[in-house]
Structures are given as structure tokens and as C-alpha cells.
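# Close look at the chain arrangement
One-letter residues, chain by chain:
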Amino acid sequence: KRRTAVLISGRGSNLGALIAAARDPAYPAELALVLSNRADAAGLDRAREAGIPTATVESRPFGRDRAAFEAALGGKLAEARIEMIALAGFMRVLTEGFVTHWSGRMLNIHPSLLPAFPGLDTHARALAAGVRLHGCTVHFVTPGVDEGPIIAQSAVPVLPDDDEAALAARVLAQEHRLYPAALAWAAAGLARLEGGRVVLSMAMADGALA
Ligand code: GAR
């Protein structure tokens, strides 16, 4: 099993979905560390309840010194002998050095159908743009924020009466299905980053994630 760290900043509902999936003995990733940049992240409690080791590296005291913050993160990751990283609502941008070190071994989930709506406030922006389909994306992390090669996506309809909360909830339910599957593929080597592209070596025609 690949020793995986889940990096969070807040609620941790995607973390919760990963914890549930990883309870299956056949799941190819072991959640060996939950690492937060905020001591008050609710997700830390989910991890503790599940018996997963936790660590916090407060980002605030580091100010703009992202490299020093990441050196502290790297220390925690090394201590726990981490092999893969899943960003799950981790709201700090990582430097090119850190991202390059973890190339092909770090995933992120983003609440839009990338390349539409990178960045923040994706649901409000989807509503403002009038799109009829919205959703979520799991991608390998590369230095450009929300620009990494896509592993998997899940789409939801935008309905006429949607407000931001209703749309966010519909997308979040898909995030909770998508991320455990995409992390499993990456951990098992079935989704790999090769030459800047994602290579998939499994059949995706079963509609499980359509
Ligand atoms: C999720 O919707 C995730 O896609 C998003 O933050 C939320 C975290 O929720 N991530 C980003 O916006 C990354 N820029 P969670 O803490 O309940 O998993």
C-alpha cells in the first residue's frame, strides 16, 4: 500500500470519503498522515476519530515565506515516510520546488470541470456564467495552479433554481465518489503521469464514474 498523506485546511469532508474508502482492505493507499495548515481544521477530528496520525504546520506564522513553510511540511511528510499526497481542501498554493519534488505523486481535487473555473468561488462563477454542466476534477498537481493533467472528472447538471449552496452540495456529493476512486487508481499505478500527460491503464467504460 502506498503511504499517503491527506493535506487539509478545513472541514475535511473529502478526507472523510477517503477514510471510508481506505477501510476496505483492498484499497491501495494507506492514509498514514493527515496534515493541516490550521490547528482548528475540523478534518483533524475526523482523522483522530479514525485513528490516523495527524500533524499541523500552521502556515500563518510563516507569512510569505512559502519555502520555509514547505520545509516544515516536508519534515512531517518524511517523518511519516509518506509516498503520495492527496490535497483535499488544502487552501495554500505550493511552490514549484515542492510540486516538482512530488511530481506524479500528488493529487488535488478541484470543485469545477477544469479547465473551466480554476481558482476560488467556482460555484458562484459557474452560476454567473450560465453553464448547464458543472462538476469536479481530480488532477495531478503541477506548478500552474489548477492546471495539472486530469485524472478523472464528474459532471452534474446546473438546475434553474440553483443557488450557490445547492450547486456546491450537488458537486460535493460527486467529489466524495470521485476522489477515492482517482486516488486508488494513482496509488495502484493505474493512472500515471508520463511526459506531462495522464496514462490510464484500466477500462473506464463501465460508467462507474460517468
Ligand atoms: C472541496 O469542495 C474541494 O474541492 C475544494 O474545497 C472543498 C473542501 O471541502 N478545494 C478547493 O477549492 C481547492 N482550491 P472539504 O474540506 O469538506 O473536503
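Residues numbered from 1 in each chain as written. Predicted model: local features only at pLDDT ≥ 70, side-chain atom pairs only at ≥ 80, totals over all residues. Heavy atoms only, no water.

Short version of the rule: UniProt positions are given in the numbering used here, feature names are shortened, and annotations may be inferred rather than shown by experiment.
In the annotation of an unreviewed UniProt entry, the entry for the protein reads Phosphoribosylglycinamide formyltransferase, and the organism field reads Muricoccus vinaceus. UniProt, in its Catalytic activity (unreviewed entry) section for the protein, records the words "N(1)-(5-phospho-beta-D-ribosyl)glycinamide + (6R)-10-formyltetrahydrofolate = N(2)-formyl-N(1)-(5-phospho-beta-D-ribosyl)glycinamide + (6S)-5,6,7,8-tetrahydrofolate + H(+)". The Sequence similarities (unreviewed entry) field of the UniProt record for the protein holds the comment "Belongs to the GART family."

## What about the overall build of the protein?
The test is simple: By definition, any uninterrupted DSSP run of H or I lasting at least four residues is a helix, any uninterrupted run of E lasting at least two residues is a strand, and each is numbered from the N terminus. Atoms counted for the radius of gyration: C-alpha only. Globule rule: 2.2 Å times the number of residues to the power 0.38. Three exposure classes are used, based on accessible area relative to the maximum for each residue type with a 1.4 Å probe and protein chains only: buried under 20%, partly exposed in between, and exposed over 50%. Two residues form a contact once any of their heavy atoms are found within 4.5 Å. Note on areas: these come from Shrake-Rupley sampling with a 1.4 Å probe, and a residue is covered only by the protein chains present in the view. For the purpose of counting charges, residues Lys and Arg are taken to be positive, whereas Asp and Glu are taken to be negative. His and the chain ends are not included. Think of each charge as sitting on NZ of Lys, CZ of Arg, CG of Asp or CD of Glu.
For the protein, the helix and strand inventory stands at six helices and nine strands. Taken against the 2.2 N^0.38 rule, which gives 17 Å for 210 residues, the C-alpha radius of gyration of the protein at 17 Å falls within 12% of a compact globule. Dimensions of the protein, computed from C-alpha atoms along their principal axes, come out at roughly 50 × 40 × 35 Å. Relative to its full complement of 210 residues, the protein shows a buried share of 45%. Partitioning the contacts of the protein with sequence separation of at least 6, the portion at a separation of at least 24 is 61%. A total accessible area of about 9900 Å² is found for the protein, and carbon and sulfur atoms account for 54% of it. Measuring between centres, the 21 positive side-chain charges of the protein sit 3 Å from its 21 negative side-chain charges.

## As for the pattern of salt bridges
Threshold: We count a salt bridge whenever a side-chain nitrogen from Lys or Arg sits within 4 Å of a carboxyl oxygen from Asp or Glu.
A complete count under the given rule lists five salt bridges for this structure. Of the charged contacts in the structure, one is a salt bridge between Glu30 and Arg3, with a shortest N-O distance of 3.8 Å. Taken together, the positions of Glu30 in strand E2 (residues 29–36) and Arg3 in strand E1 (residues 2–8) put the pair 27 residues apart, joining distant regions of the chain. Relative accessible area serves as the criterion here: at 34%, Glu30 is assigned to the partly exposed category. With relative accessibility at 19%, the residue Arg3 sits in the buried group. In this structure, Arg192 and Glu194 form a salt bridge, with 2.8 Å as the shortest nitrogen-oxygen distance. The exposure class assigned to Glu194 is partly exposed, which follows from its relative accessible area of 41%.

## Digging into the packing of helix H5 (residues 122–129) against helix H6 (residues 164–187)
Where we set the bar: Fitted lines through C-alpha atoms give the axes, limited to the stretch in contact for helices. The angle between two N-to-C directions lies from 0 to 180 degrees. What sets the label is the angle itself: under 35 degrees gives roughly parallel, over 145 gives roughly antiparallel, 65 to 115 gives roughly perpendicular, and the rest give oblique. Here is the rule for handedness: rotate from the far helix to the near one, and if that takes an anticlockwise turn smaller than a right angle the crossing is left-handed, while a clockwise turn gives right-handed. Any residue that is not Ala, Val, Leu, Ile, Met, Phe, Trp, Tyr, Cys, Pro, Asp, Glu, Lys or Arg is counted as polar, Gly included; the first ten are nonpolar and the last four charged.
Where H5 meets H6, the closest approach of the two axes is 9 Å, and the angle between their N-to-C directions is 115 degrees. Between H5 and H6, the crossing angle belongs to the class labelled roughly perpendicular. As for how H5 packs across H6, the hand of that crossing is right-handed. Seen from H5, the contacting residues are His123, Ala124, Ala126 and Leu127; seen from H6, they are Glu164, Leu167, Ala168 and Val171. Its residues placed into classes, the contact of H5 with H6 shows six nonpolar, one polar and one charged.

## Examining the pairing of strand E4 (residues 84–87)
Remark: a regular strand shows side chains that alternate across the two faces of the sheet. Heads up, the rule is: Pairing between two strands requires that DSSP report at least two bridges joining them.
Judged by which residues are buried, E4 turns out to be covered on both faces: Met84 and Ala86 on one side and Ile85 and Leu87 on the other are all buried. For E1 and E4, the ladder comprises four bridges, and the chain directions are parallel. Within E4, the position partnered with Val6 by the bridge is Ala86. In this sheet, strand E5 (residues 106–110) lies alongside E4 in parallel orientation, the contact comprising three bridges. In the sheet register, Ala86 faces E5, and the bridge partner there is Leu107.

## As for the UniProt feature "domain: Formyl transferase N-terminal" (unreviewed entry) in the protein
Here the UniProt feature "domain: Formyl transferase N-terminal" (unreviewed entry) sits at residues 3–183. The span residues 3–183 carries 36% helix and 23% strand; its end-to-end C-alpha distance comes to 12 Å.

## Quick word on the site of the ligand
Rules: Any residue with a non-hydrogen atom lying within 4 Å of a molecule or strand is treated as near it. Two N or O atoms form a polar contact when they lie within 3.5 Å of each other; inside protein one atom must be a possible hydrogen donor and the other a possible acceptor, and for residues adjacent in sequence the pair counts only when both atoms belong to side chains.
For the ligand, the full set of nearby residues is Arg11, Gly12, Ser13, Asn14, Gly89, Met91, Ile109, Pro111, Leu172 and Glu175. Contacts to the ligand include Asn14, whose backbone N or O atom sits 2.9 Å from an oxygen atom. Here the ligand has 450 Å² of accessible area as a free molecule, and 86% of this is covered by the chains. For the shell around the ligand, the secondary-structure elements that each account for two or more residues are helix H1 (13–22) and H6.

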